[in-house]
Amino acid sequence: DPDEPRGSVVADAHKCWAQAHVGWLSVLAEVEDGAAPPKPPAATLAADFRSLGTPERSPDLVDGIGGDLRLAFRAALRALRRARSYYVLDGFVTEHIDLARLESTCWKLVSLKEPDYARLQQMRRRRVACLDPLRDALQADAYRDLRATLGYEVAQVLAAIVEAKAERLRRYSGQALRERQQALEALKDRTCDVFDDFLKQCAGDARTQPGDTPRSAIERLAESDVEAYMNAQFVAARLRGKRFVAIPGDVRHAEDSLRRYKQCVADAAAAKKARNLPEDFFARELDLCEQMIHLLPTKVHHVRTTGGVLEDF
């Protein structure tokens, strides 16, 4: 379009080029260690956007990237930065969010091949840093869907960080252990808060119209959103049940977890009744919910009567 600003054309070219690299990155991430990397598709070998930028070449698959995952990753990030220099958040909300999610995907894909714990956790934190500030910035009702989308991804990454940190607590003792437990407790609470915000955005997006028969949020959601909604409920319930800083006689986290497990079971029943979902929908998670609903009241009663510490569950 001759009337379209040149900046938009250049930004779109870089976005397309970034998407090509992300696609190639996803292929390379699935290559088994030691296996020969595949060759880039012929279409990408012919692509060239040099005329749209400065004299130096735009990053492309021709320039020695081939089967090198890290080179493809860096090239994708360069293209994304160039596209985002035009598609800023103030004025191009949807485009800016799309580019940020592409960057998060880059970090996710490259992390699949990362064996080092510290580097893997840093990659996860980069994903959170890429998306969470945008989630906080999208306060208007018009951006409810985008905020929910970002919230679910951020919460999932934060949950992975919490799980990885929790597995390493046994390496520490004394003051070092207490400091890490306190930090992990705060991170767990933050993760649950993001999950709760996702659930809130989903429920708000499923508002009934005047005259509609009252229905629960899970019944009003689009069918494609039900699984994510249920998974968020379940993971938040499980996280609330973890206690990294023990407080004698304190059962608030257990009661909150129990409430969430019960809500999971109720929502799953409502979803199956309202939709043509298979009988085994969310079966493994629901079985765990039922187990915890049976187990937790006894544990809570014991702690209340003895003033002891509720063990992790």
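Let us look at the structure shown here.

### Here we look at the environment of Lys273
Move 1: Tracing the chain through its elements places Lys273 in helix 10 (residues 252–274).
Move 2: Judged by its relative accessible area of 75%, Lys273 falls in the exposed class.
Move 3: C-alpha of Lys273 to C-alpha of Glu219: the two residues are 54 residues apart in sequence and 8.7 Å apart in space.

### A few points about the pattern of salt bridges
Move 1: One pass over the full model with this rule turns up 26 salt bridges.
Move 2: The partner of Lys15 in a salt bridge is Asp98, and the shortest N-O contact between them spans 3.8 Å. Here the residue Lys15 occupies a position in helix 1 (residues 6–29), and Asp98 occupies one in helix 4 (residues 93–111), the gap between them amounting to 83 residues.
Move 3: Classification of Lys15 as buried rests on a relative accessible area of 16%.
Move 4: A salt bridge links Arg135 to Asp197; the shortest N-O distance between them is 3.1 Å. You can see Arg135 sitting in helix 5 (residues 117–137) and its partner Asp197 sitting in helix 7 (residues 174–205), a full 62 residues away along the chain.
Move 5: Owing to a relative accessible area of 7%, Arg135 belongs among the buried residues under this scheme.
Move 6: Looking at Asp197, the relative accessible area reads 12%, which means it is buried.

### Re the nonpolar core
Move 1: Within the largest apolar cluster, 60 residues are counted, with the highest numbers of intra-cluster contacts made by Phe195, Phe198, Ile218 and Met230.
Move 2: Non-local contacts of Ile218, meaning those with residues more than four positions away in its chain, are made with Val226, Tyr229, Met230, Asp267, Ala270, Ala271 and Arg275.
Move 3: Core analysis: the second largest hydrophobic core is formed by 23 residues, Leu77, Leu80, Leu99 and Leu102 among them.

### Topic: the side chain of Asp267
Move 1: Structurally, Asp267 can be placed in helix 10.
Move 2: Among buried Asp, Glu, Lys and Arg side chains, Asp267 stands out as unpaired, with Arg259 the closest opposite charge at 9.0 Å.
Move 3: Residues in contact with Asp267, not counting those within four places in the same chain, are Ile218, Tyr229, Met230 and Gln233.

### Comments concerning a positive patch on the surface
Move 1: Together, Arg74, Arg78, Arg81 and Arg82 make up a positively charged patch on the protein surface.
Move 2: On the secondary structure map, Arg81 appears in helix 3 (residues 69–84).

### A few points about the packing of helix 4 against helix 5
Move 1: Two numbers describe how helix 4 lies on helix 5: the axes approach to 9 Å, and their chain directions differ by 170°. The pairing of helix 4 with helix 5 is recorded here as roughly antiparallel in orientation. Residues His96, Ile97, Ala100, Arg101, Glu103, Ser104, Trp107, Lys108, Val110 and Ser111 of helix 4 touch helix 5, and the partners they reach there are Leu120, Met123, Arg126, Arg127, Cys130, Leu131 and Leu134.
Move 2: Grouping the constituent residues of the contact of helix 4 with helix 5 by class yields nine nonpolar, three polar and five charged.

Analysis parameters
Residues numbered from 1 in each chain as written. Predicted model: local features only at pLDDT ≥ 70, side-chain atom pairs only at ≥ 80, totals over all residues. Heavy atoms only, no water. Helix = DSSP H or I, 4+ residues; strand = E, 2+ residues; numbered from the N terminus. Buried < 20%, exposed > 50% of the residue type's maximum accessible area, 1.4 Å probe, protein only. Salt bridge = Lys/Arg side-chain N within 4 Å of Asp/Glu carboxyl O. Core = buried A, V, L, I, M, F, W, Y, C linked by side-chain atoms within 4.5 Å. Contact = heavy atoms within 4.5 Å. Lys, Arg positive; Asp, Glu negative; His and termini not counted. Patch = residues over 30% accessible without salt bridge, like charges linked within 9 Å, V, L, I, M, F, W, Y side chains within 5 Å. Areas by Shrake-Rupley, 256 points an atom, 1.4 Å probe, with all protein chains shown as cover. Charge placed at Lys NZ, Arg CZ, Asp CG, Glu CD. Axes fitted to C-alpha atoms, helices over the stretch in contact; angles between N-to-C directions. Parallel < 35°, antiparallel > 145°, perpendicular 65-115°, else oblique. Nonpolar A, V, L, I, M, F, W, Y, C, P; charged D, E, K, R; others polar.

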